[in-house]
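Architecture and fold: a report
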Amino acid sequence: MSMEKIIVRELNLWYGEKQALEDVNMQIRENRVTALIGPSGCGKSTFIRCLNRMNDRIEGVRITGKVEIDGKNIYDKDVDVVALRKRIGMLFQKPNPFPMSIYDNVAYGPRIHGTGDKKKLREIVEDGIRGAALWDEVSDRLETNALDLSGGQQQRLCIARTLAVKPEIILFDEPCSALDPIATGKIEELIHDLKREYTIVIVTHNMQQAARVSDYTGYFLLGEMIEFGKTKKLFENPHKKETEDYITGRFG
């Protein structure tokens, strides 16, 4: 039985006067994939950026409520945000490898966090690249520039870079929207494998993708969590009419 890794309580967020999230409550289980679906601009990305305090960087943002990870509210005054973001990796819509070698991309995080030993670093880099199912494609060219990789490979490299700092949670913000179907399939397989070791939250505009990769799904509409539950049940037998309208394509 998996435990709750993240518990969100009464989360509200405003950009200046505009409220973007309204009383969101949610339990995200450990070693499961939780997908967030809903139309564009409904608050999905804003919500996952609350889970690693990325919204802190935006001027005029105000947040109330709690996000508890392993029982500790990450918005408490004494929380070290740098340490928090080490525990919570994040992947974005467009792959964003650094303009340096494949090896240095993955070694970047561990180096910043103080790993200097060459042998250890090499192990971490290899583990990260293997963990991202990319090793067979790049093992003989780790010194080439990461920007020479295809889009799908770049996205998996960004996953390797994330794994190298040993997070507990990985947030994916529409990680496949810039990729072709084959590259998308590889990322989906990878997400399925990664949940053995990590807790995963994925924002996707692609309902089929949510149905394929997730254990739990939340449907967002206009900043509110309309419905949340096991993916199979939410897609086959939703409680709320709004969810059903969205899933059957009558909306969105």
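For the structure itself, look to the data block above.
Here we summarise the structure given alongside this text. Predicted, not measured: the structure shown is a model, and the values here were computed from it. (Residues numbered from 1 in each chain as written. Predicted model: local features only at pLDDT ≥ 70, side-chain atom pairs only at ≥ 80, totals over all residues. Heavy atoms only, no water.)

1. Observations concerning the packing of helix H3 (residues 102–112) against helix H4 (residues 118–131)
The N-to-C vectors of H3 and H4 enclose an angle of 115°; their axes lie 9 Å apart at closest approach. Relative to H4, H3 is oriented roughly perpendicular. Viewed along their axes, H3 and H4 form a crossing whose handedness is right-handed. Between H3 and H4, the residues in contact are Ile102, Tyr103, Val106, Ala107, Pro110 and Arg111 and Lys118, Leu121, Arg122, Ile124, Val125 and Ile129, respectively. (Axes fitted to C-alpha atoms, helices over the stretch in contact; angles between N-to-C directions. Helix = DSSP H or I, 4+ residues; strand = E, 2+ residues; numbered from the N terminus. Parallel < 35°, antiparallel > 145°, perpendicular 65-115°, else oblique. Left-handed = near helix turned anticlockwise from the far one by under 90°. Contact = heavy atoms within 4.5 Å.)

2. Description of the environment of Glu59
Secondary-structure assignment places Glu59 in the loop between helix H1 (44–50) and strand E4 (61–69). Measuring from C-alpha to C-alpha, the distance between Glu59 and Gly16 comes to 8.3 Å, with 43 residues separating the pair along the chain.

3. Considering H3
Taken together, the buried positions of H3 are occupied by Ile102, Tyr103, Asn105, Val106, Ala107, Gly109 and Pro110. As for H3, its buried residues are in contact with H4, helix H5 (135–138) and helix H6 (151–163). Positive backbone phi, at 100°, marks Gly114, one or two positions downstream of H3. (Buried < 20%, exposed > 50% of the residue type's maximum accessible area, 1.4 Å probe, protein only.)

4. Quick word on the nonpolar core
One finds Ile37, Ile102, Ile129, Ile159, Phe172, Ile191 and Leu194 to be the most contacted residues of the largest nonpolar core, which totals 47 residues. Not counting residues up to four positions away in its chain, the partners in contact with Ile159 are Leu91, Ala132, Phe172, Ile187, Leu190 and Leu194. Ranked by size, the runner-up nonpolar core spans 30 residues in total, among them Val8, Val67, Leu84 and Phe220. (Core = buried A, V, L, I, M, F, W, Y, C linked by side-chain atoms within 4.5 Å.)

5. What to know about the sheet that holds strand E5 (residues 72–73)
Strand pairing within a sheet occurs via backbone hydrogen bonds; the two strands may be parallel or antiparallel. The sheet built from four strands is open, its strands ordered E2-E1-E4-E5 with antiparallel pairing. At either end of the open sheet lies a strand with only one pairing partner, and these are strand E2 (18–29) and E5. Pairing between strand E1 (residues 4–15) and E2: eight bridges, direction antiparallel. By the bridge assignment, Leu13 is partnered in E2 with Leu21. (Pairing = 2+ DSSP bridges.)

6. Details of H4
Think of an α-helix as turning once every 3.6 residues; residues three or four places apart then point the same way. With 14 residues, H4 extends 20 Å from end C-alpha to end C-alpha; this agrees with the ideal 20 Å at 1.5 Å per step. Within H4, burial applies to Leu121, Ile124, Val125, Gly128 and Ile129. Projected down its long axis, H4 carries its buried residues within an arc of 125°, all on one side. Buried residues in H4 make contact with H3, H5 and H6. Ala133 sits one or two positions beyond H4 and adopts a positive phi of about 55°. (Expected span 1.5 Å × (residues − 1). Arc of directions from axis to C-beta.)

7. Let's talk about the environment of Thr248
With respect to the helices, strands and loops of the structure, Thr248 is situated in the segment after helix H10 (241–247). Overall, Thr248 belongs to the partly exposed group, its relative accessible area being 46%. A distance of 3.5 Å separates the side chain of Thr248 from the backbone oxygen of Asp245, its partner in a polar contact. (Polar contact = N/O pair within 3.5 Å; in protein donor to acceptor, adjacent residues only side chain to side chain.)

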